[in-house]
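Coordinates in review
Listed below, chain by chain, are the residues.
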Amino acid sequence: SQTIHQWPATLVQPVGSPLSLECTVEGTSNPNLYWYRQAAGRGLQLLFYSVGIGQISSEVPQNLSASRPQDRQFILSSKKLLLSDSGFYLCAWSSVAGGSEAFFGQGTRLTVV
Amino acid sequence: AQTVTQSQPEMSVQEAETVTLSCTYDTSESDYYLFWYKQPPSRQMILVIRQEAYKQQNATENRFSVNFQKAAKSFSLKISDSQLGDAAMYFCAYRSAYNTDKLIFGTGTRLQVFP
């Protein structure tokens, strides 16, 4: 069966520090991968998605970047965190079939202080 | 670009009663998929129900059913016989059948269930 791992679960980082959140998927190949941010009143905002290794699409211009170095690995990064980067970050995967649901990781609560 | 709108930030319902959560979407496409996800306090996202746009019949999953109005671009979720465990954030989501890369979510509705 397929599983998705996301870590860390919580993170407190000072303003200006770098960020690296990692997500890995097991039990499937060539998944679509997603990074979402959940902030109060804004629902689930799609940040990045990837349909293959090295292929990253950005939805929202911002202080973050994403990379997919391996088929089932998706990384969210920042060189210098801002206070506004605080939030709950969710990684998800789905198959390429349109009707397939997305499966989510447990999420990372990021607090920038 | 497609958008998903949930106009009810919060809803409440008495246990055993019925509640309907609203969702509208905007798209120029004719074939797509719509989803309702539940996010309980644990924050784990769970698929509640899925609807295929080319199917006229409304999807149902036990106590959960949808009212899909394609012309009106409306996709509401009805929860019957509400239970305390239904208390959660509910998100409506859209996925194109032509460009399946993106899954777009609404802002969510927080549902409270009172005993």
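A brief structural summary.

The rules behind these values
- Residues numbered from 1 in each chain as written.
- Chains lettered and ligands numbered in written order.
- Predicted model: local features only at pLDDT ≥ 70, side-chain atom pairs only at ≥ 80, totals over all residues.
- Heavy atoms only, no water.
- Helix = DSSP H or I, 4+ residues; strand = E, 2+ residues; numbered from the N terminus.
- Rg over C-alpha atoms; globule rule 2.2 N^0.38 Å.
- Buried < 20%, exposed > 50% of the residue type's maximum accessible area, 1.4 Å probe, protein only.
- Phe/Tyr/Trp six-rings, centres within 6.5 Å; stacked < 30°, edge-to-face > 60°.
- Pairing = 2+ DSSP bridges.
- Axes fitted to C-alpha atoms, helices over the stretch in contact; angles between N-to-C directions.

**Describing the overall build of chain A**
Within chain A, the regular secondary structure consists of 0 helices and 11 strands. Along chain A, helices and strands appear, N-terminal first, in the series β-β-β-β-β-β-β-β-β-β-β. Radius of gyration (C-alpha) of chain A: 13 Å, near the 13 Å computed for a compact globule of 113 residues. The C-alpha extent of chain A, read off along each of the three principal axes, is 40 × 30 × 25 Å. Out of the 113 residues belonging to chain A, those deemed buried represent 50%.

**Thoughts on the packing of aromatic side chains**
Residues and elements named next belong to chain B. Inspection of every chain in the model, using the stated rule, returns 15 aromatic pairs over all chains. Judged by centre distance (6.2 Å) and plane angle (25 degrees), the rings of Trp-36 and Phe-75 are stacked. In this pair, Trp-36 sits in strand S5 (residues 32–39) while Phe-75 sits in strand S9 (residues 74–79), placing the two residues 39 residues apart along the sequence. Overall, Phe-75 belongs to the buried group, its relative accessible area being 0%.

**Quick look at the sheet that holds strand S7 (residues 65–70) of chain A**
All names here are of chain A. Taken in spatial order, the 4 strands line up as S1-S3-S8-S7 in an open sheet, and their pairing is antiparallel. This sheet does not close on itself; its edge strands, each paired only once, are strand S1 (3–7) and S7. Going from strand to strand, the sheet's axes swing by 20 degrees on average, the running direction of each strand aside. Pairing analysis gives 5 bridges linking S1 to strand S3 (residues 19–26), with the strands arranged antiparallel. The residue bridging Trp-7 from the neighbouring strand is Glu-22, located in S3.

**Observations concerning unusual backbone geometry**
Omega for the bond connecting A:Trp7 with A:Pro8 falls within 30 degrees of zero, at 0 degrees, which places this linkage in the cis form. Within the fold, A:Pro8 resides in the loop between S1 and strand S2 (10–13). Despite not being glycine, B:Arg43 has its phi angle at roughly 75 degrees, a positive value. Summarising the element assignment, B:Arg43 is placed in the loop between S5 and strand S6 (46–52). Even without being glycine, B:Lys73 reaches a positive phi, approximately 55 degrees. Note that B:Lys73 resides in the loop between strand S8 (64–69) and S9. Look at B:Lys73 and you get partly exposed, because its relative accessible area is 27%.

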